[in-house]
Amino acid sequence: MNPLADVVTPSPLVLDGLVVGAILFALGVVGILARRNLIVMFLCAELMLQGISVSLVSWSRHHGDWGGHVLVIFVLTVAACEAAVALVFVLQAFARTGRLDSAAWQSLRESNLSRTIDHELPAIDTVPLKFPKLSPAGVEPAADEDAALEREHV
Amino acid sequence: MNDLSPSTLLVLVPLLPLVGAILTVALGRVLGPRAHLPAIAGTAAAFVVAVMLLTGMAREVGVGTTGHDHAAKPVEMVTTLWEWATVGDAAATGDAGSAARSFSIPVALRLDPLTATLLVIITGVGLLVAIYSIGYMHDDPGYPRFFALVSVFVFSMSMLVMASNFLLVYVFWEAVGACSYLLIGFWFTKPEAAKAAKKAFLVNRIGDFGLAVATFLLWMTYGTLNFHDTTLADGTLVPGILGATRLADASAYVGGVVGTAICLLFLLAACGKSAQLPLHVWLPDAMEGPTPASSLIHAATMVTAGIYLVARTAPLFEACPGALTLVSIVGATTALVAALIGTVQNDLKRVLAYSTISQLGYMFASLGTGTLLGFTAAIFHLVTHAFFKALLFMGAGSVMHSMGGVIDMRRFGGLRRIMPITATTFLIGSLALAGVAPFAGFFSKDEILASLHSRGWPDAHGEHHEAAPAGGHAATATPFHLAFHVASVTPDAAQLAGGTRGSALDALNAPATWRLLFWMSLVTAALTAFYTFRAVFMTFTGPTRVPEEAGHHAHESPPSMTIPLVILAALAAVSGWWLFSTHSLASFLASTPSFTAPSVASTATPPAFHWDLAIQGTLAAAIGIVVAALGHLGRRSDGPQMERFLGPLETLFANRFFFDQIYSALIVKPLELIATLAALVDRHVIDGLVDAIARVPAGLGAVVRHLQSGLVQRYALAGVIGTLLIVLALVARAMG
Amino acid sequence: MIASILPSISPGTLLAGGVTATAASLWLLLPGGRSGAADRTARWLGWLIGIVALASFIATGHRLGNVGEEAVFLTVALVAVISGAATVVSRSPVYAAIWFAMALAGVSGVLLVLGGQFLGVATIVVYAGAILVMFLFVLMLAQPAGLAPYDRVSNEPLLAAVAGAVLLGILSLSIGRLTAEPPACCLMGGTKAALLADSPAAEPAAAAGIDMLADNHVARLGGELFGRHLLAVEVAGVLLLVALIGSIAIVSRGAADAESAAARRAMP
């Protein structure tokens, strides 16, 4: 008598859901490890949480009960709290260093190592800033078709 | 003696100075200027006991009794205090012919005529030196330490001559060497004194090495290290090396290569301790020590340990005639060379130091003849030399004390007017040293020359002595009453009859060698007289000059210093004649067990007073004194010196035959080179290796440190990679 | 269950290939030290290889019952995955936030397909509606004009890409083995039955098909939540309160340091 006879193979939907969750999670991991911008890092953390949510709901469907759903609700809650507090921290960090760079915080390194600084930053494909040319006051300037279409680089 | 048994007295002799030393060390600070009291009390008490022992032993030997025909029976008394060390099964028996192979060292003390004589000398001269030191070391900050060291020395030297086991002899041989080191380096803050002490110790070490190896060989050859016979628990008799059993057997001593090796190693040890060629270099430098120390240990007692050793082991030496001859050759050569060097020394103490070396050479020359006359003459000379050399050193110390530490003879002169007692006693001592009748040195030197002469011209002595017994005992002509009638037996035949095996050195044992040694000794006698009186005239005659260091010291020394001088002068004047004419010393010594061995005793000759030798000796001394007087009597001591007579030879003598320079180049410099190399290797290779090993963790750390970059994402990356590796491992394991 | 399209390739090779392709594409896509033309080429190449990797996942994935279901799921899944990838690799953080919104839409669709009606909507409402907006506000406050230097480089892109790809590979492997015979050691017997017995309204697994509009979905979820997990709900409420207060506290203390930090703005 096989003691595991009651274990059911997950359905294809569940398996696909698990795969999607795994992919999202892995993408989030890569993002957290690689990106330097603090905001993008947190976005990738949220992406990881999304992947977890998908996996949990898949399992919940497989088992046929609400456990996964409930957990996802709590994950949502905690994600919200985390986002709030973390963003406050990011703002504090920005206030101290003036930039959202995770590499700005290197003080905990070994005392005789030097700061890791970026070398050879790739050049930006910068579009020169186009400032609107204001005509003297009182006269509506002629509409510039091209300028209207362009937007400032974000 | 009545209520105290002899063995108790025997133990008291070393014990009392030792207690004195301990008390001096313990109470030195408390006693302050009276810190000499325990030491002097201990030494004085030991002297009294030693005299008691001597008289008791003399009574037992029967000295002075009539009956010239009886054989000298060996007299000894051995007391075993405790078993120091026992290794192996004491009851195990070894192969036939050797004693049990267990190793057992008893702390045994012995008393026999030789020991008793030396004990009196050691404690007596020690006492006089201690009294002298009260005045000499008066203001020295190390006052208690000096007396403690002198007491310890008296203890060690007494134990050395009383030890009845070769290992114990070695122990106290080292102990006297250590005392010598401590006393030479007494003023250790002075670099020359420290260096001299080190030099003395190291040169002695070479001799000590010889003694150690000789001890090993003795153990291997004879199976025991005891002098006396011992009995094991099961009743087996273990014959001692110098015990009655072995002494009675003429063939019991090993000759050949092993025997010669043992004897030569003893000779090496004696050369080291008694400052003979080539290990004599430490004694002149040892004059850096305080003069009383020089007087005690470098004139009278410690340097005579070598003489004692060779005399004690006479039966072993008799089995190797080549070794004996070498002893004489070394002795006579040393005497001559030291006398030559002494003629150009300007430091009074150095003159006396070379004189000591020279006189010790005489004693060795006498010992090496292998005759009973030679042995007893050597001991006789040891006794008289102790008196007059200690006297001379103390006189020099008195001069040095008055002259504010200056001892260069060229800087003072005519001191007899300021220091009459010192001058008179010094003169008496010099006359004794030069060998002028009727002072002590004359008789003893005469005996030495006689022993050498008897080996060089054996026939002359043979005829001479055959006549004597036939004519009955002419008491005036034959003061020495020795018992044996085998007077016509020549020493060579006696040794051959002893059944020894020859060695390569025996080729030296030819009459021609002995004649050469005789003439060398005669020349040395002349030189001795010369340099002694040169020193006397330079110091005490001529215009009175005092160096400025003397200050207000330039007066006669205090009684604590002059009284010992007077006592010793009296002894130097009288003892020779007394001991010679009452025939006491020789007959007393003949009962020493070592000298009753057939190989030694058979060489006994009823002696005569050798007029021809006496005349030759006195002539040599007179020549020396006259030449010295021509050069220095009445003149300023810083006037023209020996240079104009000697020319280039003077450089040779003044540089002490370049022994120090040769040793420095051959031995010291290579050792220094090795030491420097070793230091370099230690500092760069070994330390470098250790430092390299120490740098490995630092290097590893420097590499690993880069992980701690402070960038949090890198930490997270490391964590993720680690987790993945673990999971991969688990998955791989799960999948098989 | 390997798709019949690729019968000749072994699963192991396919997995390895997929992992390698994922790693390569991510490495190429992540902002690195390339500039100008090289950067653009890398990005095109990265997307291309990424599509290939995605295709391998799809090909080895499991076919659902009918084509319509398959098409819907594939659409929303692709939206989620591609938007997620775009979030990670966008140079501009604002673009990343917008792509994240898109990813949320995709995730919401996936959740709805999987039967989580409440959660699908809740994701949009809470995440896209509140959290994302908060992110955008912070960006507005803190993001310098133009691309900051730190947006143009990544921290160890190769190692991160490889780590992520290996992680994905392990997870895929594990998911793939779910269809195989489970090893005797792993599962406790009777777990399934116990779970089924406990849940007040157990949905039989894999029995029904797609269950998008089941009755009383939210009511039943609410009953479960406030029934079995009441304590957790309360704690979650407290957590929210604490987060709120904490944020305010930090901000108010940080306001005092604002002036001193102004001077440090000039630091590079």
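Counting from 1, residues in each chain are numbered in the order their sequence is written. Labels are handed out in written order, letters beginning with A for the chains and numbers beginning with 1 for the ligands. Local features are withheld for residues below a pLDDT of 70 in this predicted model, meaning they are given only at 70 or higher, and side-chain atom pairs are given and counted only at 80 or more; totals for whole chains, interfaces and linings count all residues.

Attention now goes to the overall build of chain C. Where helices and strands are cited, they refer to DSSP runs of H or I of at least four residues and of E of at least two residues respectively, numbered from the N terminus. Within chain C, the secondary structure is distributed over ten helices and zero strands. Traced from its N-terminal end to its C-terminal end, chain C shows the element sequence α-α-α-α-α-α-α-α-α-α. Remark: C-beta atoms are placed from the backbone, and a residue is labelled buried if 20 or more other C-beta atoms sit within 10 Å of its own, exposed if 12 or fewer do, or partly exposed between those counts. Sorting the 268 residues of chain C into buried and exposed places 34% on the buried side. Look at the contacts in chain C between residues 6 or more apart in sequence, and 69% of them connect residues 24 or more apart. Throughout, a pair of residues is in contact if the C-beta atoms placed from their backbones lie within 7 Å.

Attention now moves to the overall build of chain A. Scanning chain A for helices and strands turns up four helices and zero strands. Ordering the α and β elements of chain A from the N terminus gives α-α-α-α. Here chain A holds 154 residues, and 44% of them are scored as buried. Intrachain contacts of chain A at a sequence separation of at least 6 include 47% that bridge at least 24 residues.

For the rest of this paragraph, the subject is the interface of chain B and chain A. Contacts between the two partners involve eleven residues from chain B and, on the opposite side, twelve residues from chain A. Residues that form the side of chain B that touches chain A fall into these classes: five nonpolar, five polar and one charged. Classification convention: Asp, Glu, Lys, Arg as charged; Ala, Val, Leu, Ile, Met, Phe, Trp, Tyr, Cys, Pro as nonpolar; all other residues, Gly among them, as polar.

This brings us to the confidence of the model for chain C. Residues and elements named next belong to chain C. A score from 0 to 100, pLDDT tells how confident the predictor is in each residue. Per-residue pLDDT for chain C has a mean of 81; in total, 78% of the residues score no lower than 70. Within chain C, helix H7 (residues 191–198) has the poorest average pLDDT of any element, 48, and helix H4 (residues 93–113) the best, 94. Under a pLDDT of 50 for its full length, residues 186–191 has, in the predicted model, five contacts with residues more than four places off or in other chains. Segment residues 193–212 is flagged for pLDDT under 50; beyond a separation of four residues in sequence, or across chains, it makes 26 contacts in the model. Here the predicted complex carries an ipTM of 0.83, next to a pTM of 0.66.

This paragraph deals with the interface of chain C and chain A. Listed by partner, the interface residues are 101 residues for chain C and 83 residues for chain A. Tallying contributions element by element places helix H5 (residues 117–142) of chain C first for the side of chain C that touches chain A, with eleven residues. Taken together, the residues of the side of chain C that touches chain A sort by class into 66 nonpolar, 23 polar and twelve charged.

Residue and element names in this part refer to chain B. Cis geometry marks the peptide bond from Leu-277 to Pro-278, where omega comes out at -10 degrees. Secondary-structure assignment places Pro-278 in the loop between helix H8 (256–273) and helix H9 (282–285). Although it is not a glycine, Arg-656 sits at a positive phi angle of roughly 55 degrees. Summarising the element assignment, Arg-656 is placed in the loop between helix H26 (648–654) and helix H27 (659–704). Unusually for a residue other than glycine, Phe-658 sits at a positive phi of about 60 degrees.

So, about the confidence of the model for chain A. Residue and element names in this part refer to chain A. Taken as a whole, chain A shows an average pLDDT of 83; of its residues, 79% reach a score of 70 or greater. Within chain A, no element has a lower average pLDDT than helix H4 (residues 145–149), which sits at 67, and none a higher one than helix H1 (residues 12–34), at 94. Of the regions scoring below 50 in pLDDT, residues 1–5 engages in four contacts with residues more than four places distant in sequence or in other chains.

What follows covers helix H2 (residues 37–60) of chain C. What a helix should span is 1.5 Å times the count of its residues minus one. With 24 residues, H2(C) extends 35 Å from end C-alpha to end C-alpha; this agrees with the ideal 34 Å at 1.5 Å per step. The set of residues buried in H2(C) consists of Asp39(C), Gly46(C), Ile49(C), Gly50(C), Ala53(C), Leu54(C), Ser56(C), Phe57(C) and Thr60(C). In this structure, the buried side of H2(C) is in contact with H1 of chain A together with helix H1 (11–29) and helix H3 (67–89) of chain C.

Let us look at the packing of H3(C) against H4(C). Helix-helix packing: each pair is described by the crossing angle between the helix axes and the interaxial distance. All names here are of chain C. At a minimum axis distance of 7 Å, the contact between H3 and H4 shows a crossing angle of 155 degrees. Judged on the interaxial angle alone, H4 and H3 are roughly antiparallel. Handedness of the H3/H4 crossing: left-handed. Within the contact between the two elements, H3 uses Val-72, Phe-73, Val-76, Ala-77, Val-79, Ala-80, Ser-83, Gly-84, Ala-86 and Thr-87 and H4 uses Ala-96, Trp-99, Phe-100, Met-102, Ala-103, Ala-105, Gly-106, Val-107, Gly-109, Val-110 and Val-113. Residues belonging to the contact of H3 with H4 are distributed by class as follows: 16 nonpolar, five polar and no charged. Working convention: axes come from line fits to C-alpha atoms, limited for helices to the stretch in contact. Angles between N-to-C directions cover 0 to 180 degrees. Each angle is binned into one of four classes, with values under 35 degrees roughly parallel, values over 145 roughly antiparallel, values of 65 to 115 roughly perpendicular, and all other values oblique. Left-handed is the label given to a crossing in which the near helix is rotated counterclockwise from the far helix by less than a right angle, and right-handed is the label when the rotation is clockwise.

Of note, Glu447(B) is situated in helix H17 (residues 440–456). C-beta crowding within 10 Å serves as the criterion here: with 27 such atoms nearby, Glu447(B) is assigned to the buried category.

Residue and element names in this part refer to chain B. Within strand S1 (residues 77–87), only one of the eleven residues are buried, which leaves the element largely exposed. Pairing between strands is defined by DSSP: at least two bridges between them are needed. In terms of strand pairing, S1 meets strand S2 (residues 103–111) through nine bridges, oriented antiparallel. Note that in S2 the partner of Ala-85 across the bridge is Ile-105.

For the rest of this paragraph, the subject is the environment of Cys320(B). Mapped onto the fold, Cys320(B) is located in the loop between helix H12 (314–318) and helix H13 (321–342). Along the backbone, Cys320(B) and Val257(B) are 63 residues apart, and their C-alpha atoms lie at a distance of 9.0 Å.

Before going further, it helps to spend a moment on the nonpolar core. Grouped together as the largest cluster of nonpolar side chains are 221 residues, with contacts concentrated most on Ala390(B) and Ala572(B). At 19 residues, helix H15 (residues 372–402) of chain B tops the list of elements feeding residues into this core. With residues up to four places along the chain from it excluded, the contact list for Ala390(B) reads Val125(B), Leu128(B), Val129(B), Ser295(B), Ala299(B), Ala300(B) and Leu568(B). In this structure, Leu15(A), Leu91(A), Trp99(C) and Val138(C) belong to the second largest nonpolar core, which totals 95 residues. To define a nonpolar core, we join buried Ala, Val, Leu, Ile, Met, Phe, Trp, Tyr and Cys residues through C-beta atoms within 7 Å and take the resulting set.

Residues and elements named next belong to chain B. Interaxial distance between H17 and helix H24 (residues 611–632) falls to 10 Å at its minimum, and their mutual angle equals 120 degrees. Overall, the two elements H17 and H24 adopt an arrangement that is oblique. Between H17 and H24 the crossing geometry is right-handed. Here Lys-445, Asp-446, Leu-449, Ala-450 and His-453 of H17 come into contact with H24, specifically with Leu-613, Ala-614 and Gly-617. Looking at the contact of H17 with H24, its residues break down into four nonpolar, two polar and two charged.

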